[in-house]
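Chain by chain, the residues run as shown.
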Amino acid sequence: LILGQQYKILPFLVWLHRFGDTFGEEGSVSAQDLVPKSLKRLEVLLWNLGVSGMVVSFFLSSSSVQWLAVCSLAFAGIFAASSLFGVLLRRPRP
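Parameters and conventions
Residues numbered from 1 in each chain as written. Predicted model: local features only at pLDDT ≥ 70, side-chain atom pairs only at ≥ 80, totals over all residues. Heavy atoms only, no water. Axes fitted to C-alpha atoms, helices over the stretch in contact; angles between N-to-C directions. Helix = DSSP H or I, 4+ residues; strand = E, 2+ residues; numbered from the N terminus. Parallel < 35°, antiparallel > 145°, perpendicular 65-115°, else oblique. Left-handed = near helix turned anticlockwise from the far one by under 90°. Contact = heavy atoms within 4.5 Å. Nonpolar A, V, L, I, M, F, W, Y, C, P; charged D, E, K, R; others polar. Patch = residues over 30% accessible without salt bridge, like charges linked within 9 Å, V, L, I, M, F, W, Y side chains within 5 Å. Areas by Shrake-Rupley, 256 points an atom, 1.4 Å probe, with all protein chains shown as cover. Salt bridge = Lys/Arg side-chain N within 4 Å of Asp/Glu carboxyl O. Expected span 1.5 Å × (residues − 1). Buried < 20%, exposed > 50% of the residue type's maximum accessible area, 1.4 Å probe, protein only.

*Asks:* I would appreciate a short explanation of the packing of helix α2 (residues 37–60) against helix α3 (residues 63–89) in the present structure.
*Replies:* Between two packed helices, the angle of one axis relative to the other and the distance separating the axes together describe the packing. Contact geometry of α2 with α3 gives a least axis separation of 8 Å together with a crossing angle of 155 degrees. What the angle tells us is that α2 and α3 run roughly antiparallel. In the packing of α2 onto α3, the handedness of the crossing is left-handed. Where α2 approaches α3, its residues L39, L42, E43, L46, W47, L49, G50, V51, G53, M54, V56 and S57 are matched on the opposing element by V65, Q66, A69, V70, S72, L73, F75, A76, F79, A80, S82 and S83. Partitioning the contact of α2 with α3 into residue classes produces 16 nonpolar, seven polar and one charged.

So, in structure tokens, the structure goes:
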């Protein structure tokens, strides 16, 4: 839930601060355009694989499955941080 909300709230706040005065103009950036969709999809896939892997490793008592799940969750976190950091660095077009 928190992961999904950060993709709504942070891009909107950045958009409002940096691009709000260009609202309605042709060619203006929307808040949804600030985060690449391919990166969001990859992050959600890795997050779901990690959570599912943790559940499976709990029932199977498998440390190798748990290790893979932790790696998947770590990469999901790295992708989330990089995409949200990219939102903060986005500059308005002249």
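*Asks:* Explanation requested: a nonpolar patch on the surface in the structure shown.
*Replies:* On the surface, a nonpolar cluster with roughly 560 Å² of combined accessible area is contributed by W47, V51, V55, F58 and F59. Tracing the sequence through the fold places V55 in helix α2.

*Asks:* Can you help me understand α3 in this one?
*Replies:* Given 3.6 residues per turn, any residue in an α-helix points the same way as the ones three and four places further on. Compared with the 39 Å implied by 1.5 Å per residue over 27 residues, the 39 Å span of α3 between its first and last C-alpha is a close match. Inspection of α3 places A69, S72, A76, A80, S83, L84 and V87 among the buried residues, and these make up the whole buried set.

*Asks:* What's the story with α2 in this structure? I'm lost.
*Replies:* Helix length check: α2, at 24 residues, gives a terminal C-alpha distance of 34 Å against a target of 34 Å (1.5 Å per residue), a fit within 8%. Buried within α2 are the following residues: E43, L46, G50, G53 and S57. S61 sits one or two positions beyond α2 and adopts a positive phi of about 50 degrees.

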